[in-house]
Amino acid sequence: MSAETKQTAKLVLPAGKEITLPVITGSEDEHAVDIKTLRADSGFITLDSGFMNTGSTTSGITYLDGEEGILRYRGYAIEELADKSDFVEVSYLLINGKLPNVAERKAFSTALTRHSLIHEDMHQFFAGYPPTSHPMAVLSAMVTSMSAYYPDSLDRNSAIDLHITRLLSKVRTIAAFAYKKSIGQPLMYPKNSLKYCANFLHMMFAVPSEEYEVSPVLEKAVNQLLILHADHEQNCSTSTVRMVGSSGANLYASIAAGILALWGPLHGGANQAVIEMLEDVKANGGDGKKFIDDVKNKRDNRRLMGFGHRVYKNFDPRAKILKKMCDEVLAHLGIKDPLLDIAKAMEEVALKDDYFISKKLYPNVDFYSGIIYRALGIPTNMFTVMFALGRLPGWIAHWKEMVDDPQTKIGRPRQIYTGEKLRKYVAIESR
Ligand code: ACO
């Protein structure tokens, strides 16, 4: 479905100059004023730092209504996909725009299994990193390096579907290898008999000296976590992928850029920051109220990590699913995590507090995901890697949508210059 242009909007500029601009309407009746020609027609640009209210593209991948707490991939509700689908099927859906039939699903799964190994020479890279390396640094560098191992990816007309399959499959292997390397254990090769998420758990937690059986509950939890992270329309990392890809950069380079954008604590790094915050509260006596008080008074610029969202101003539907999953996973594993108690107590206080209510700050996807990852045995510095693994099909879908769109132009915002006016250069001896 493409956007419709039926209405127009009028903009009155200083000196009474009136400009008529087309209004674009999306399939869920969202409206945008198309300002593409504004500068050419009037000399004005729009200014919107942080892109608070700027659409950078039309897209048919994900629908999000922050006021109503709605999230849909290709028209399917996130609640239904998390409950009934699995990560491989959701990846197919996001990238191809439809759910696979039996034959398509089989072919996709087989391809993912076949492409799970990384080139043996790339193993030396892992050896070169210090054990203290953050796995996001390793992951981004390894994904960039894949363009060196598959140089045909530099040609936009190369077999893109093959690169997409490679990326989806190998990122999982790279992520697990980065973890094994960080704890000094031997790398565990993928096992072709296992499904995508089970294979990831095997590479993460199996050791050569004993049998490792993947728990179906944990496999389901990983599937759900990855599904919940799989896409979120034009966020910081996805927009980065589209921006980098718009210059003609290859798929691997564009995705590596997305991984790096995700790393920041205000984006994908928030799940790690949440656990660090909860540990800090625990170390200081477990009183979340004191921390919340600091947040409200902006002491040390503290924020309640895992709270707030640029788009969700009512509730984050993913956080609701995760809170329930958190209780289930911990109960299944028989784990009693004091951080969960602190998190729940802090959530309760914040949800009743006027500071958070007035600013429409609610728990986001990261508030509980870290506690689940901990319960699964995934270390804190791997949390953002898990997010990257989940977000990968979304990034790929956006990259593909952009590349396939003949209207795509290189991303190049404008600015309002606020620096010095023209001044004369003075030689250093005279300064
Ligand atoms: N704790 C305390 N105050 C907050 C928080 C928070 N978590 N989030 C926003 N605020 C306050 C800000 O201080 C600001 O207050 P002010 O008006 O008095 O200056 C106001 O709410 C608006 O905040 P902005 O930063 O302008 O809102 P924005 O939409 O730009 O930020 C963001 C959204 C980055 C997610 C923010 O809420 C935040 O930093 N949250 C904590 C980090 C986090 O959990 N990130 C994960 C996001 S989800 C994801 O990436 C998957």
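The structure displayed is predicted, hence computed values, not measured ones. (Residues numbered from 1 in each chain as written. Predicted model: local features only at pLDDT ≥ 70, side-chain atom pairs only at ≥ 80, totals over all residues. Heavy atoms only, no water.)

**A short note on the overall build of the chain**
- From N to C terminus, the chain includes 18 helices and six strands.
- Taken against the 2.2 N^0.38 rule, which gives 22 Å for 431 residues, the C-alpha radius of gyration of the chain at 23 Å falls within 12% of a compact globule.
- In terms of overall dimensions, the chain has C-alpha extents of about 80 × 65 × 55 Å along its principal axes.
- Burial status across the chain gives 46% buried among its 431 residues. (Helix = DSSP H or I, 4+ residues; strand = E, 2+ residues; numbered from the N terminus. Rg over C-alpha atoms; globule rule 2.2 N^0.38 Å. Buried < 20%, exposed > 50% of the residue type's maximum accessible area, 1.4 Å probe, protein only.)

**Notes on the site of the ligand**
- As a structural note, the neighbourhood of the ligand is formed by 20 residues, with Arg303, Leu304, Gly306, Arg310 and Tyr355 the closest of them.
- A distance of 3.2 Å is found between a nitrogen atom of the ligand and a backbone nitrogen or oxygen belonging to Leu266.
- At 2.8 Å from a nitrogen atom of the ligand is found a main-chain nitrogen or oxygen belonging to Leu304.
- Protein chains shield 75% of the accessible area of the ligand, which is 920 Å² for the free molecule.
- Here the shell around the ligand is built from residues that sort into 10 nonpolar, five polar and five charged. (Near = heavy atom within 4 Å. Polar contact = N/O pair within 3.5 Å; in protein donor to acceptor, adjacent residues only side chain to side chain. Areas by Shrake-Rupley, 256 points an atom, 1.4 Å probe, with all protein chains shown as cover. Nonpolar A, V, L, I, M, F, W, Y, C, P; charged D, E, K, R; others polar.)

**Some points on the domain arrangement of the chain**
- For the chain, the domain assignment lists domain 1 (4-65) and domain 2 (78-264).
- Relative placement of domain 1 and domain 2: their C-alpha centres are 36 Å apart.
- Across the boundary between the two partners, domain 1 contributes seven residues, which contact six residues of domain 2.
- In this assembly, domain 1 packs against domain 2 so that about 570 Å² is buried in total across both faces, 54% of it on carbon and sulfur atoms. (Domains from an automatic or database assignment. Contact = heavy atoms within 4.5 Å. Buried area = accessible area lost by both parts, 1.4 Å probe.)

**Remarks on the nonpolar core**
- In this structure, Tyr73, Leu167, Ile255 and Leu376 are the most contacted members of the largest nonpolar core, which totals 110 residues.
- Counting residues per element, this core draws most heavily on helix α18 (residues 383-404), at 12 residues.
- The residues contacting Tyr73, other than those within four sequence positions of it, are Ile61, Thr62, Ile78, Leu81, Val90, Leu93, Leu94, Ile227, Leu228, His229, Ala230 and Asp231. (Core = buried A, V, L, I, M, F, W, Y, C linked by side-chain atoms within 4.5 Å.)

**Observations concerning the side chain of Asp294**
- Structurally, the position occupied by Asp294 is in helix α13 (residues 288-296).
- Classification of Asp294 as buried rests on a relative accessible area of 5%.
- Setting aside residues up to four positions removed in sequence, Asp294 forms contacts with Arg299 and Arg302.

**A word on helix α8 (residues 196-205)**
- Where burial is concerned, most of α8 is hidden: nine out of the 10 residues are buried.
- Buried positions along α8 lie against α3 (87-96), α4 (102-114), α7 (160-182), α9 (216-229) and α18.

**Remarks on the sheet that holds strand β1 (residues 4-12)**
- Spatial strand order, β1-β2-β3: three strands in an open sheet with antiparallel pairing. If you trace the sheet from one side to the other, it starts and ends with β1 and β3 (31-33), each paired once. Going from strand to strand, the sheet's axes swing by 30 degrees on average, the running direction of each strand aside.
- Pairing of β1 with strand β2 (residues 18-25) involves eight bridges; the strand directions are antiparallel. Bridge pairing in β2 links Val12 to Glu18. (Pairing = 2+ DSSP bridges. Axes fitted to C-alpha atoms, helices over the stretch in contact; angles between N-to-C directions.)

**Looking at the packing of α9 against helix α17 (residues 366-376)**
- α17 packs onto α9 with a crossing angle of 150 degrees between their chain directions and a minimal axis gap of 11 Å. In this view, α9 runs roughly antiparallel relative to α17, as classed from their interaxial angle. Taken as a pair, α9 and α17 cross one another with a handedness that is left-handed. Within the contact between the two elements, α9 uses Leu218, Ala221, Val222, Leu225 and His229 and α17 uses Asp366, Ser369, Ile372, Tyr373 and Leu376.
- Split into classes, the residues belonging to the contact of α9 with α17 amount to seven nonpolar, two polar and one charged. (Parallel < 35°, antiparallel > 145°, perpendicular 65-115°, else oblique. Left-handed = near helix turned anticlockwise from the far one by under 90°.)

**A word on unusual backbone geometry**
- At Asp29, a residue that is not glycine, the phi angle is positive and equals roughly 65 degrees.
- Looking at where Asp29 falls in the secondary structure, it is placed in the loop between β2 and β3.
- Here Asp29 falls in the exposed class, since its relative accessible area comes to 52%.

**Points about the environment of Glu328**
- Among the structural elements, Glu328 can be located in helix α14 (residues 317-333).
- Expressed as a C-alpha distance, the spacing of Glu328 and Ile372, which sit 44 residues apart in the sequence, is 9.6 Å.

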